[in-house]
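The primary structure of each chain is shown beneath.
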Amino acid sequence: MPQGTLERGAPPLFKQGPSALSRLALFSALALFLMVADARFGLTEPLRQAVATALYPLQWLMFKPVEFARQGGAYFQSLQTAQQALDAERRKMALLGQSAQQAAQLALENRRLRQLLTLRARLQIPALAAEVLHDTADLHTRRVVIDRGRIDGVQTGAAVIDQAGVLGQVTRVFALGSEVTLLVDRDQAIPVLNIRTGVRGVAYGDPYGDPVTRRGAGMELRFMPANADVREDDLLTTSGVDGLYPPGLPVARVVRVERGADSAFARIYCLPLAQVQGSGHVLVLQRLNDQRLSQPAPERPEPAGKPEARR
């Protein structure tokens, strides 16, 4: 035979070991013995603890991804829940803020209405209550529209007041509404009386206001001499000489007096007492001329003469 072809291993006769059935029976008996010994005497407990201790780092590493995934899902779920709760609280706060604003607005309107009713009770002139609907669309004028018109008896030239003072004058009347020109309009003028000195004058609307104090639209008391006795905080009321505005109604208060050496007249800036930018309810007064015409004429006294002449 060629060299290197002979098998160097043991013959098959010497390779045969226990049969498969013998090994099964042996291992089954060993397993049963170990189970009984472990149950009765705890022989494998130290081995189990040693194996568990040795495998704990591996078990910890294997469970970490699962724990991270579980914690991440719980985190995002809690974040979504917190975001939904935050949105709900924000909506609730917005509703509460809106309710508070409405309550404050209603309280302010109620207070103004009470003041207006008190003023109406003190007036000796018939007055008609009205509500301001909106401002006019013309940006170059200062006018508002009220909900009382010709069918309610409103006439052109009637004075309009609020709870603080004169607001303006009716300049246009429609069937169901009227247009009121405010005192701060550039084309509006009103005769006034200085309560402190008793001096009359005419106040004109000034839509741009005092450039120094910057208090917004106001009025200017024009054609007053430079040496006129006018001070800051003087109260101006209606004088009643025009026959349109009843006398004694508050109009404005002097805020600044400017006297220049090169001018014969003083520049007197005033601030209206009425809410020219926030009035909601007003009173439309009857014109003085109409009131005088509606009053019955006084009876003519009988002349002192002969009794038979009267017969």
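Worth saying up front: this structure is predicted, and the values here are computed from it rather than measured. Sequence order as written defines residue numbering, which begins from 1 separately in each chain. Since the coordinates come from a predicted model, pLDDT governs what is reported: local features require at least 70, and pairs of side-chain atoms require 80 or more to be given and counted, while whole-chain, interface and lining totals use all residues. Hydrogen atoms and water are omitted, and side-chain values are computed over all heavy atoms in the structure.

Colleague: An account of the overall build of the chain is requested, with residue identities and associated values reported.
Modeller: Assigned secondary structure in the chain consists of 5 helices and 12 strands. Of the contacts made within the chain by residues no fewer than 6 positions apart, 57% connect residues no fewer than 24 positions apart. In short, Shrake-Rupley with a 1.4 Å probe defines the accessible areas, and a residue's cover is counted only from the protein chains shown. When the accessible area of the chain is evaluated, it comes to approximately 21,700 Å², of which 59% is carbon and sulfur surface. Helix and strand labels come from DSSP, where a helix needs a run of H or I of at least four residues and a strand needs a run of E of at least two; each type is numbered from the N terminus. In what follows, a contact means two residues having at least one pair of non-hydrogen atoms within 4.5 Å.

Colleague: How would you explain the sheet that holds strand 11 (residues 265–272) if you had to name every residue and give the values?
Modeller: DSSP-based pairing: two strands are paired if at least 2 bridges between them are found. Sheet architecture is closed into a barrel: 6 strands sit in the order 6-7-8-11-10-9, paired in antiparallel fashion. The sheet shows a mean angle of 40 degrees between the axes of neighbouring strands, taken without regard to direction. The pairing of strand 6 (residues 189–194) with strand 7 (residues 200–206) spans 5 bridges and is antiparallel. Pairing of Ile 190 across the sheet is with Ala 203, part of strand 7. Axis definition: a line fit to C-alpha positions, over the contact stretch in the case of helices; interaxial angles, taken between N-to-C directions, run 0 to 180 degrees.

Colleague: Can you explain the sheet that holds strand 4 (residues 166–173)? Please cite residues and give values.
Modeller: The antiparallel closed barrel is built from 6 strands, whose spatial order is 1-2-5-4-3-12. Taking each pair of neighbouring strands and ignoring which way they run, the sheet shows an average axis angle of 45 degrees. Bridge analysis of strand 3 (residues 159–161) against strand 12 (residues 281–285) gives 2 bridges, and the strand direction is antiparallel. Note on strand 12: the bridge partner recorded for Ile 161 is Leu 283.

Colleague: If you had to explain the nonpolar core to someone new, which residues and values would you point to?
Modeller: For this analysis, a nonpolar core means a set of buried residues of the types Ala, Val, Leu, Ile, Met, Phe, Trp, Tyr and Cys, connected via side-chain atoms within 4.5 Å. Using a 1.4 Å probe on the protein chains alone, a residue whose accessible area is under 20% of its type maximum counts as buried, one over 50% counts as exposed, and one in between counts as partly exposed. With 25 residues, the main nonpolar core has Val 166, Ile 190, Met 219, Leu 221, Val 251, Ile 268 and Cys 270 as its most contacted residues. Among the secondary structure elements, those contributing two or more residues to this core are strand 3, strand 6, strand 8 (218–225), strand 10 (250–258), strand 11 and strand 12. Top element by residues in this core is strand 10. It accounts for 4 residues. Residues in contact with Leu 221, not counting those within four places in the same chain, are Val 192, Gly 201, Val 202, Ala 203, Leu 236, Ala 266, Ile 268 and Cys 270. By size, the runner-up hydrophobic cluster in this structure holds 18 residues, among which are Ile 146, Val 154, Leu 182 and Val 282.

Colleague: Lay out the pattern of salt bridges in plain terms, naming residues and giving numbers.
Modeller: When a carboxyl oxygen of Asp or Glu lies within 4 Å of a side-chain nitrogen of Lys or Arg, that pair is called a salt bridge. Enumeration over the complete set of coordinates arrives at 10 salt bridges. Glu 89 is the salt-bridge partner of Lys 92, the closest N and O atoms lying 4.0 Å from each other. One end of the pair, Lys 92, and the other, Glu 89, are both in helix 3 (residues 45–122), 3 residues apart, so they sit about a helical turn from each other. Two residues, Glu 258 and Arg 256, come together in a salt bridge whose shortest N-O distance is 3.3 Å. Judged by its relative accessible area of 33%, Glu 258 falls in the partly exposed class. Salt bridges sharing common partners tie together Arg 196, Asp 229, Arg 231 and Asp 234.

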